[in-house]
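Each chain, written out:
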Amino acid sequence: MLVVTDLYAGYGMSEVLMGTSLTVKKGTVVALIGPNGAGKTTTMRTISGSIKPTRGEIILDGAPVQGLEPSYIARLGLAHAPEGRKVFGPLSVEDNLLLGAFTRLPRFFGFHAKAADDLEKVYNLFPRLKERYRQASGTLSGGEQQMLAIGRALMARPKVVLLDEPSMGLAPVIVDEVFDIIRRLKESGITLLLVEQSAKRALEVADYAYVMERGRIAVEGVPQELQKNERVIAAYLGN
Amino acid sequence: MDHAVIQLIVSGALMGLVYALVAYGFQLTYATSKSINFGQGELVMLSAFVSLTLTNTGLPYYLMIPGGLLFGVIAGLFVERAGVRLALEQKSEGWILMTIILGLFGISAAENIWGRDDRPFPTPIPTEPIQFFGVSITPLEISVAVGVVLIMVVIELFKRKTLLGKAFEAVSADRDAAELMGISATRTIMLSYGLSGLVAALAGILVSPITTVGPTMASALVLKAFSVAVVAGLESGFGVVIVGLFLGSLESLTSFYVGSGWREAPGLVLLILALAIRPTGIFGKAVIRKV
Ligand SMILES: Nc1ncnc2c1ncn2[C@@H]1O[C@H](COP(=O)(O)OP(=O)(O)OP(=O)(O)O)[C@@H](O)[C@H]1O
Ligand SMILES: [Mg+2]
């Protein structure tokens, strides 16, 4: 569904990605882990189009998308819940969700009715968002904002979801909640690329995983293997 | 307060609504792109000339309203394309100079096409004052107030009630995140410049029958709108109305009690005060963020 081959990208003069390759098969959850500054966020931002790659190929559902505008890539079926949530603070929870489905909805009137089913699904997944549907999203707690960011991404009925560090800055109980949701989404057949600091949790939920170091994939494999890999244990799973 | 004072406040406030409308046009483009059209006054003036010309073509008189507004939208889109887009793409402040230059072109064009003289703008709306509790207001002045309030309400409803309007707000709040939702920031910025042109054209159509139409008719107007925008801040549409009303009244009181030569003083003093107190005011934020 998503195939990244030999990707090079960076910020101005500084190259960050130096030949990254990864594949996310339809209906699987793939984890991308690695130390701070390895280039995980940069990988996601390059896939969703905010950063233009200098080399390499990104295939989304069979079509090359590298170098396209982010809004165009989104229309092709990619949803990116970015690092730091990035909810539209002044807008209400429900407006944030509706905008998640922007590409599918009529621009002027009748958009609410057309999105009703999807709204209900997201509210079922996150009852707390339903309670606060009229609240300005900037005033939500960090955990609620993360849920909103995930819900907003789901509203697009995307083919592939990129989720960048959903546990960042959250209390352990809330992190558990977020990972419960990810598990439920996995059962419902989501295609997900997950970046996560907490390698342990990411490997628990993933079908396949990549370990990124300094802009390249250093190790890859199914979680059961990685959990036995001494290098991975030493660097990320040590206790 | 005696009636004379109230009378001065009311007629000044009406003019203040026009400042508010032009300031609102600044807010619209600032929200999406952190840029404004420094040639907004020329856009007001050119739209007024186009509308005036339409009234002389033998077409039904009121066709000049949609005609002038359409011109304003197209001119706004042109300013975005020719003066702003490239600069924004390169994250430069070049739009400041470009929009000033486009404005100067606008003045030359007007002088060449319509001449330098001020012309009256005929109107079928009566200018005979009506008395309200001892304050006299002309139907023409009422039409200005109604026009300003109507367009602002319509645009605010658009922003809150339609999905496209919400997308407009989303781009204002976080441009990159909006792009991730499939919202094109470029198109949203175009939309904001189109709306800003519409608002400027309406301001021109509304004031022309009261003032006159001439190449420099809007240079003072736009400076005061600028003061209003700086003082009210660039976010709140409600704020510009309040500050606009205040400045308009203050001007009319000043020109009556101090002398008509001092009419422009309050706006300038307000601007200087605002810049002294909030030096990062208007587009300062954009510059600071860049550094
Ligand atoms: N906007 C930027 N401009 C310049 N350099 C940047 C920018 N964003 C990130 N970098 C650099 O790119 C490198 C990779 O950053 P990136 O955010 O992709 O890492 P990451 O793997 O997501 O790290 P983390 O786990 O801390 O989120 C870092 O060295 C960082 O300093
Ligand atoms: Mg990161």
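The shown structure was predicted, so the numbers you read here are calculated from the model rather than taken from an experiment. (Residues numbered from 1 in each chain as written. Chains lettered and ligands numbered in written order. Predicted model: local features only at pLDDT ≥ 70, side-chain atom pairs only at ≥ 80, totals over all residues. Heavy atoms only, no water.)

S.K.: Got a sec to walk through the overall build of chain B? Specific residues and values, please.
M.R.: From N to C terminus, chain B includes 12 helices and two strands. The order of helices and strands in chain B, counted from the N terminus, is α-α-α-α-β-β-α-α-α-α-α-α-α-α. Since a compact globule built from 291 residues should have a radius of gyration of about 19 Å, the 19 Å found for chain B is in line with a globular shape. Reported as C-alpha extents along the three principal axes, the dimensions of chain B are approximately 55 × 50 × 35 Å. When the 291 residues of chain B are sorted by exposure, 53% land in the buried category. Counting only carbon and sulfur atoms, one obtains 70% of the accessible surface of chain B, whose full area is about 13000 Å². Of the charged side chains in chain B, 18 are positive and 18 negative, and the gap between their average positions amounts to 8 Å. (Helix = DSSP H or I, 4+ residues; strand = E, 2+ residues; numbered from the N terminus. Rg over C-alpha atoms; globule rule 2.2 N^0.38 Å. Buried < 20%, exposed > 50% of the residue type's maximum accessible area, 1.4 Å probe, protein only. Areas by Shrake-Rupley, 256 points an atom, 1.4 Å probe, with all protein chains shown as cover. Lys, Arg positive; Asp, Glu negative; His and termini not counted. Charge placed at Lys NZ, Arg CZ, Asp CG, Glu CD.)

S.K.: Give a description of the sheet that holds strand β7 (residues 160-164) of chain A that names residues and reports values.
M.R.: Residues and elements named next belong to chain A. Strands sit in the order β6-β7-β8-β3-β9-β10 across an open sheet of six strands; the sheet is mixed. One side of each edge strand has no neighbouring strand; the edge strands of this open sheet are β6 (78-81) and β10 (216-221). This sheet shows a mean twist of 20° between the axes of neighbouring strands, independent of strand direction. Here strand β3 (residues 29-33) pairs with strand β8 (residues 192-195) via four bridges, running parallel. Bridging from a neighbouring strand, V29 pairs with L192 of β8. Sheet strands touched by helix α10 (residues 230-237): β9 (208-213) and β10. Its angle to β9, the strand with the most contacts, is close to 70°. (Pairing = 2+ DSSP bridges. Axes fitted to C-alpha atoms, helices over the stretch in contact; angles between N-to-C directions. Contact = heavy atoms within 4.5 Å.)

S.K.: An account of the nonpolar core is needed here, citing residue identities and associated values.
M.R.: In terms of nonpolar packing, the biggest core is built from 74 residues, with L21, F26 and M45 of chain B touching the most fellow members. Once you skip the residues sitting within four places of it in the chain, L21 of chain B turns out to touch V148, I151, M152, V199, L202, A203 and L206 of chain B. If you look at the next biggest cluster of nonpolar residues, it comprises 64 residues, including A31, L98, L192 and V219 of chain A. (Core = buried A, V, L, I, M, F, W, Y, C linked by side-chain atoms within 4.5 Å.)

S.K.: I'd like a description of unusual backbone geometry, backed by residues and values.
M.R.: Residues and elements named next belong to chain A. Look at D6: it is not a glycine, yet its phi comes out positive at around 50°. Topologically, D6 is positioned in strand β1 (residues 2-11). Here D6 falls in the partly exposed class, since its relative accessible area comes to 30%.

S.K.: Could you give an account of the pairing of β3 of chain A, with specific residues and numbers?
M.R.: When you tally the buried positions in β3 of chain A, you get five out of five residues, the bulk of the element. Where burial is concerned, the two faces of β3 of chain A agree: the one with V29, A31 and I33 of chain A and the one with V30 and L32 of chain A are both buried.

S.K.: I'd like to hear about the site of ligand 1, residue by residue, with values.
M.R.: Residue and element names in this part refer to chain A. For ligand 1, the set of nearby residues contains 13 residues, the closest of which are K40, T41, T42, E83 and Q197. One of the backbone N or O atoms of A38 is found 3.2 Å from an oxygen atom in ligand 1. Measuring from an oxygen atom of ligand 1, one finds a backbone N or O atom of G39 at 2.9 Å. With the chains in place, 60% of the 640 Å² that ligand 1 exposes on its own is no longer accessible. A per-element tally of the shell around ligand 1 places helix α1 (residues 40-47) first, with three residues. (Near = heavy atom within 4 Å. Polar contact = N/O pair within 3.5 Å; in protein donor to acceptor, adjacent residues only side chain to side chain.)

S.K.: So what's going on with the coordination of the magnesium ion (ligand 2)? Residues and values would help.
M.R.: Taken together, the protein donors to the magnesium ion (ligand 2) comprise T41 of chain A (OG1) and E83 of chain A (OE), at separations of 1.9 to 2.2 Å. Note that T41 of chain A is positioned in helix α1 and E83 of chain A in the loop between β6 and α3 (93-100), a separation of 42 residues in sequence. (Donors = N, O, S within 2.8 Å, 3.2 Å for Na, K, Ca; no water.)

S.K.: Could you give an account of helix α4 (residues 94-114) of chain B, with specific residues and numbers?
M.R.: All names here are of chain B. Between its terminal C-alpha atoms α4 stretches 30 Å, which fits the 30 Å expected from 21 residues at 1.5 Å a residue. Of the surrounding elements, those touching the buried residues of α4 are α2 (40-55) and α3 (64-89). Just downstream of α4, G115 is the residue with a positive phi angle, here 85°. (Expected span 1.5 Å × (residues − 1).)

S.K.: Go over the packing of aromatic side chains with me, naming the residues and quoting the values.
M.R.: According to the stated counting rule, one finds nine aromatic pairs over all chains in the structure shown. Ring geometry for Y208 of chain A versus Y210 of chain A: centroids 5.3 Å apart, planes at 65°, classification edge-to-face. Between F256 of chain B and Y257 of chain B, the ring centres sit 5.0 Å apart and the planes meet at 85°, which makes this aromatic pair edge-to-face. Accessibility classification places F256 of chain B together with Y257 of chain B in one group, the exposed group. Every member of this aromatic cluster is reached through a ring pair, and the members are F26, F38, W95 and F226 of chain B. Seen from the ring of Y30 of chain B, K34 of chain B lies directly overhead, with NZ or CZ sitting 5.3 Å from the centre. (Phe/Tyr/Trp six-rings, centres within 6.5 Å; stacked < 30°, edge-to-face > 60°. Lys NZ or Arg CZ within 6 Å of the ring centre and 35° of its normal.)

S.K.: Please provide a residue-by-residue account of the sheet that holds strand β5 (residues 63-64) of chain A, values included.
M.R.: Read from one edge of the open sheet, four strands run β2-β1-β4-β5 (chain A), paired in antiparallel fashion. Of all the strands in the sheet, just β2 (14-24) and β5 of chain A have a single pairing partner and so form its edges.

S.K.: Just give me the short version of the interface of chain B and chain A, but keep the residues and values in it.
M.R.: Taken residue by residue, the interface counts 19 residues in chain B and 26 residues in chain A. Carbon and sulfur atoms make up 73% of the area that chain B and chain A hide from each other, which totals about 2000 Å². Looking at the side of chain B facing chain A, the largest losses of area belong to L163, L180 and M181 of chain B, adding up to 37% of the total buried there. Linking D95 of chain A and K166 of chain B is a salt bridge whose minimum nitrogen-to-oxygen distance equals 2.8 Å. The interface formed by chain B and chain A includes four residue pairs in polar contact (both at pLDDT 80 or more). When residues of the side of chain B that touches chain A are traced back to their parent elements, those giving at least two are α5 (139-161), α6 (163-173) and α7 (175-180) of chain B. Broken down by element, the side of chain B that touches chain A gets its largest block of residues, seven residues, from α6 of chain B. Residue composition of the side of chain B that touches chain A, by class: 11 nonpolar, three polar and five charged. (Buried area = accessible area lost by both parts, 1.4 Å probe. Salt bridge = Lys/Arg side-chain N within 4 Å of Asp/Glu carboxyl O. Nonpolar A, V, L, I, M, F, W, Y, C, P; charged D, E, K, R; others polar.)

All quantities given are derived from atomic positions and should not be read as evidence of function.
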